[in-house]
Amino acid sequence: NAGVTQTPKFRILKIGQSMTLQCAQDMNHNYMYWYRQDPGMGLKLIYYSVGAGITDKGEVPNGYNVSRSTTEDFPLRLELAAPSQTSVYFCASTRGGNGELFFGEGSRLTVL
Amino acid sequence: AQSVTQLDSQVPVFEEAPVELRCNYSSSVSVYLFWYVQYPNQGLQLLLKYLSGSTLVKGINGFEAEFNKSQTSFHLRKPSVHISDTAEYFCAVNSGGSNYKLTFGKGTLLTVNP
């Protein structure tokens, strides 16, 4: 019963590098989300998906891209990393119908 | 547009004391309200939620919250806290859109001291 699994847990990037944060869920949820958490700022929605093949921008999408080729996976791509992208990233999923959001344990990214 | 304001960024209390964490929301339509807890170096987990019905909602670990529509508030309470309740607490709102997006407050760090 894995729930929402995020990899990697920690990563250090140099400015200008690119990387992909992986997120997978095994609950057959249609709805998936990427949030970033910065100290004292709560969680900000980056991108979300309401089903395979469908994605949309959240509140802070600049510098990120996503894809949703399967129900299970929702990777987040960072292109040309910048120090402003230093943050903790959380992936979450829900079955919808105002059910509970299930969160992964987070990926801590530092851009130097 | 929906928004959430958590009125206190930090709340220190002594063990076995009561606590109230305050949350106000704004939305032009009916809302669904949630409280999540985040323990150090972990993801968020659901404490309780209000969707409809009784305005007093009970959650896990002895927490409860009361939905007050006239005051647009959803304050979280616990009559007697434990050291293990030390964590960050987030209030969140969903205005019922079909994408089920949640808007989160900035969080309240509850520190329970012995």
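Residues numbered from 1 in each chain as written. Chains lettered and ligands numbered in written order. Predicted model: local features only at pLDDT ≥ 70, side-chain atom pairs only at ≥ 80, totals over all residues. Heavy atoms only, no water.

Engineer: Tell me about unusual backbone geometry, and name the residues and values.
Structural biologist: Cis geometry is found at the peptide bond from A:Thr7 to A:Pro8, where omega equals -10°. Tracing the chain through its elements places A:Pro8 in the loop between strand 1 (4-7) and strand 2 (10-13). The phi torsion at B:Glu16 lies on the positive side, around 75°, for a residue other than glycine. By the secondary structure assignment, B:Glu16 is in the loop between strand 2 (10-14) and strand 3 (19-21). The phi dihedral of B:Asn61 is positive, around 60°, even though this residue is not glycine. Counting through the fold element by element, B:Asn61 comes out in the loop between strand 7 (56-58) and strand 8 (64-68). Taking the relative accessible area as the measure of exposure, B:Asn61 reaches 40% and is therefore partly exposed. (Helix = DSSP H or I, 4+ residues; strand = E, 2+ residues; numbered from the N terminus. Buried < 20%, exposed > 50% of the residue type's maximum accessible area, 1.4 Å probe, protein only.)

Engineer: An account of the side chain of B:Gln6 is needed here, citing residue identities and associated values.
Structural biologist: Residues and elements named next belong to chain B. Its location among the elements puts Gln-6 in strand 1 (residues 3-6). Within the local environment of Gln-6, its side chain forms a polar contact with the backbone nitrogen of Cys-91, the two atoms lying 3.0 Å apart. For Gln-6, the side chain forms a polar contact with the main-chain nitrogen of Gly-107, separated by 3.0 Å. Those residues in contact with Gln-6 that sit more than four places away from it in its chain are Arg-22, Trp-35, Tyr-89, Phe-90, Cys-91, Gly-105, Lys-106, Gly-107 and Thr-108. (Polar contact = N/O pair within 3.5 Å; in protein donor to acceptor, adjacent residues only side chain to side chain. Contact = heavy atoms within 4.5 Å.)

Engineer: Please give an account of the pairing of strand 3 (residues 19-25) of chain A that cites residues and values.
Structural biologist: Residue and element names in this part refer to chain A. The side-chain alternation of strand 3 yields one buried face, formed by Met-19, Leu-21, Cys-23 and Gln-25, and one unburied face, formed by Thr-20, Gln-22 and Ala-24. Sheet topology places strand 1 next to strand 3; four bridges connect them, and they run antiparallel. The partner of Val-4 across the bridge, within strand 3, is Gln-25. Where strand 3 lies against strand 8 (residues 76-78), three bridges are found, and the strand directions are antiparallel. Across the sheet, residue Leu-21 finds its bridge partner in strand 8, namely Leu-76. (Pairing = 2+ DSSP bridges.)

Engineer: Account for the interface of chain A and chain B, naming residues and giving values.
Structural biologist: Listed per partner, the contact involves 22 residues of chain A and 22 residues of chain B. For chain A, the biggest contributors to the area lost against chain B are A:Leu43, A:Asn98 and A:Phe103; these three give 30% of the whole. At the junction of chain A and chain B, the tally comes to zero salt bridges. Run the count over chain A and chain B and you get three residue pairs in polar contact (both at pLDDT 80 or more). Elements represented by at least two residues in the side of chain A that touches chain B include exactly strand 4 (31-38) and strand 5 (42-51) of chain A. When residues of the side of chain A that touches chain B are assigned to their parent elements, the largest contribution, five residues, is made by strand 5 of chain A. (Buried area = accessible area lost by both parts, 1.4 Å probe. Salt bridge = Lys/Arg side-chain N within 4 Å of Asp/Glu carboxyl O.)

Engineer: Account for the environment of B:Ala87, naming residues and giving values.
Structural biologist: All names here are of chain B. Inspection of the secondary structure puts Ala-87 in strand 10 (residues 87-94). Residue classification places Ala-87 among the buried residues on the basis of a relative accessible area of 3%. Distance from Ala-87 to Cys-23, taken between C-alpha atoms, is 16 Å for residues 64 residues apart in sequence. Leaving out residues up to four positions away in the same chain, Ala-87 has contacts with Val-37, Gln-38, Tyr-39, Thr-108, Leu-109 and Leu-110.

Engineer: Just give me the short version of the pairing of strand 11 (residues 107-111) of chain A, but keep the residues and values in it.
Structural biologist: Residue and element names in this part refer to chain A. Burial of strand 11 is one-sided: the residues Ser-107, Leu-109 and Val-111 facing one way are buried, the residues Arg-108 and Thr-110 facing the other way are not. Two elements, strand 2 and strand 11, share four bridges in a ladder whose sense is parallel. Note on strand 11: the bridge partner recorded for Arg-11 is Leu-109.

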